[in-house]
Structure formats: C-alpha cells, structure tokens
Amino acid sequence: MLTLVTACSSPSVPAADARPLGNVTATPRECGLISTNAIQIATGFKEYRAIGTKMSEGRFASCSIADDLGSKGKLGLVIRIHEPSPLSPEGLKNTKATTGGRDLPGGLGPGFASRREDVGDQAVAFVYGWTSDYEHLLSIEVTEGAPGRDSLADAVEFFRQLKPLLLTPSK
C-alpha cells in the first residue's frame, strides 16, 4: 500500500499588531505634539515625512504624515483642528449617515467614527468630534494598510487622547 502525503501552506498573513499606541504625545514628537512611536505603529511607516501647521498664538492646527512628500506619496495620518468648523450640524449629520458612522464610545462625543474611500481608492478610518456649540471640529484620519492594525480603533485612540488638548469649547 502506498500512502501519499501532501502539504499545503496558506499564504503568509501578517500577524495582528496588538501593540497599544501608548501616549500619543510622548517624546520624541512630530508637529510639536504627536508621538513618533504612535505614528509608526498606526501608519506602519518606518520612514515618513511630517508637515505641521500652527494657528495664531502658536496653537496646534494640523499634522500630516506621509511616506513621501512627492505627488505619489501616501498619506498615513492626518490630524486637524478646525476653528471654526467647516461643517454645519446638518453637514456632520449627513456625513455620519452617508459613511455609516457610529457614535464615539462613552464620554468621547459629540462625534462619530467611520471609514471611507479616499483619493486613489485608499481606505481611510476617521473620527470627527466637535464641541457642543459646533464651532470647533477635531478630525483624525488614519489610512488603512498598516499590517495587522485596526485603523479605526487607532483613530479613536488618537482622538481620545488629543481631545482634551485640542478640542476646547468657545469662551
């Protein structure tokens, strides 16, 4: 009797990356605020370029992280504070509905988290959170694709930690 044994191997799947982002404002930082370690974990970029802007009085306005600053560069993370918000309450409601957005976890709202296709059909996880007067909007966008990461969970974690620093109600 002859027995044949065959071995099948499945394609290699990246192991899930369950590392926590940690303190998203820990040093060293990019854009004067965002931890380089958290950026590398969330984006999967080993090397990247950061561009940050500030509002008047030296306050943080935005931070964009790309693997290359050229026209073919891929954005990995974009954090923006909008004062005033470019979206009306109705616009935020419509965006939430059209993207299938879900309310932020307990205590983080008002705001929602969702996914969308961006330029070049790249999937982006994002969070929009605002002040109760709708005057200030904090947006966090994480491009999906970091091996084994849940980009939506990462976007929510960035928001959770940055909200008290960046999203302040009108005085």
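From a predicted model like this one, the values you see are computed outputs, not experimental measurements.

A. Quick look at unusual backbone geometry. A cis geometry characterises the amide bond from E83 onward to P84, with omega recorded as 10 degrees. Relative to the helices and strands, P84 resides in the loop between β5 (75–82) and α2 (89–99). Omega for the bond connecting G109 with P110 falls within 30 degrees of zero, at 5 degrees, which places this linkage in the cis form. Note on placement: P110 falls in the loop between β6 (102–103) and β7 (111–118). With phi around 55 degrees, C31 is a residue other than glycine that occupies positive phi space. Relative to the assigned elements, C31 resides in the loop between β1 (29–30) and β2 (34–35). In this structure C31 comes out as buried when scored by relative accessible area, which is 19%. Unlike most non-glycine residues, Y134 shows phi in positive territory, near 65 degrees.

B. Geometry of α2. Along α2, the residues that are buried comprise G91, L92 and T95. Buried residues in α2, looked at end-on, bunch into an arc of 100 degrees, giving them a common side. Projecting away from the buried face of α2 at angles above 90 degrees are the exposed residues K93 and A97. Where α2 is buried, its residues meet β7, β8 (122–130) and β9 (137–143). Taken from the residues just after α2, G100 is the one with a positive phi, measuring 70 degrees.

C. Just the confidence of the model for the protein chain, in detail. Mean pLDDT over the protein chain works out to 88, with 88% of the residues at or above the 70 mark. Contacts from residues 1–7, a stretch scored under 50 in pLDDT, to residues over four places away or in other chains number 0 contacts.

D. Main features of the packing of aromatic side chains. For the coordinates displayed, the defined rule picks out 5 aromatic pairs. Measuring from ring centre to ring centre gives 4.9 Å for F126 and Y128, while their planes differ by 55 degrees; the resulting arrangement is tilted. No difference in accessibility class separates F126 from Y128, as the two residues are buried. Relative to Y134, the ring of W130 has its centre 6.1 Å away and its plane inclined at 20 degrees; by these criteria the two rings are stacked. Take W130: its relative accessible area is 9%, and that puts it in the buried class.

E. Summary view of helix α3 (residues 151–166). The end-to-end C-alpha distance of α3 is 21 Å, a good match for the 22 Å that 16 residues give at a rise of 1.5 Å each. Of all bends in α3, the biggest is about 30 degrees, found at R160, and the proline P164 comes one to four residues later. Among the residues of α3, S151, L152, D154, A155, V156, F158, F159, Q161, L162, K163 and L166 are the ones counted as buried. The N-cap residue of α3 is D150: its side-chain oxygen and the backbone nitrogen of L152 are 3.1 Å apart.

F. Summary view of the pairing of strand β3 (residues 49–54). With 6 bridges connecting them, β3 and strand β4 (residues 60–66) associate as antiparallel partners. Counted as the bridge partner of R49 is A66 from β4.

G. Representation of the environment of W130 in the model. By the secondary structure assignment, W130 is in strand β8. Distance in space between the C-alpha atoms of W130 and L92 is 9.5 Å, their sequence separation being 38 residues.

H. Fine view of the environment of G129. Within the secondary structure, G129 sits in strand β8. Spatially, the C-alpha atoms of G129 and G111 are 4.0 Å apart, while their sequence positions differ by 18 residues. Those residues in contact with G129 that sit more than four places away from it in its chain are P110, G111, H136, L137, L138, F159 and L167.

Thresholds applied
- Residues numbered from 1 in each chain as written.
- Predicted model: local features only at pLDDT ≥ 70, side-chain atom pairs only at ≥ 80, totals over all residues.
- Heavy atoms only, no water.
- Helix = DSSP H or I, 4+ residues; strand = E, 2+ residues; numbered from the N terminus.
- Buried < 20%, exposed > 50% of the residue type's maximum accessible area, 1.4 Å probe, protein only.
- Arc of directions from axis to C-beta.
- Contact = heavy atoms within 4.5 Å.
- pLDDT = per-residue confidence, 0-100.
- Phe/Tyr/Trp six-rings, centres within 6.5 Å; stacked < 30°, edge-to-face > 60°.
- Expected span 1.5 Å × (residues − 1).
- Bend = angle between axes of the 7 residues up to and from the residue.
- Polar contact = N/O pair within 3.5 Å; in protein donor to acceptor, adjacent residues only side chain to side chain.
- Pairing = 2+ DSSP bridges.

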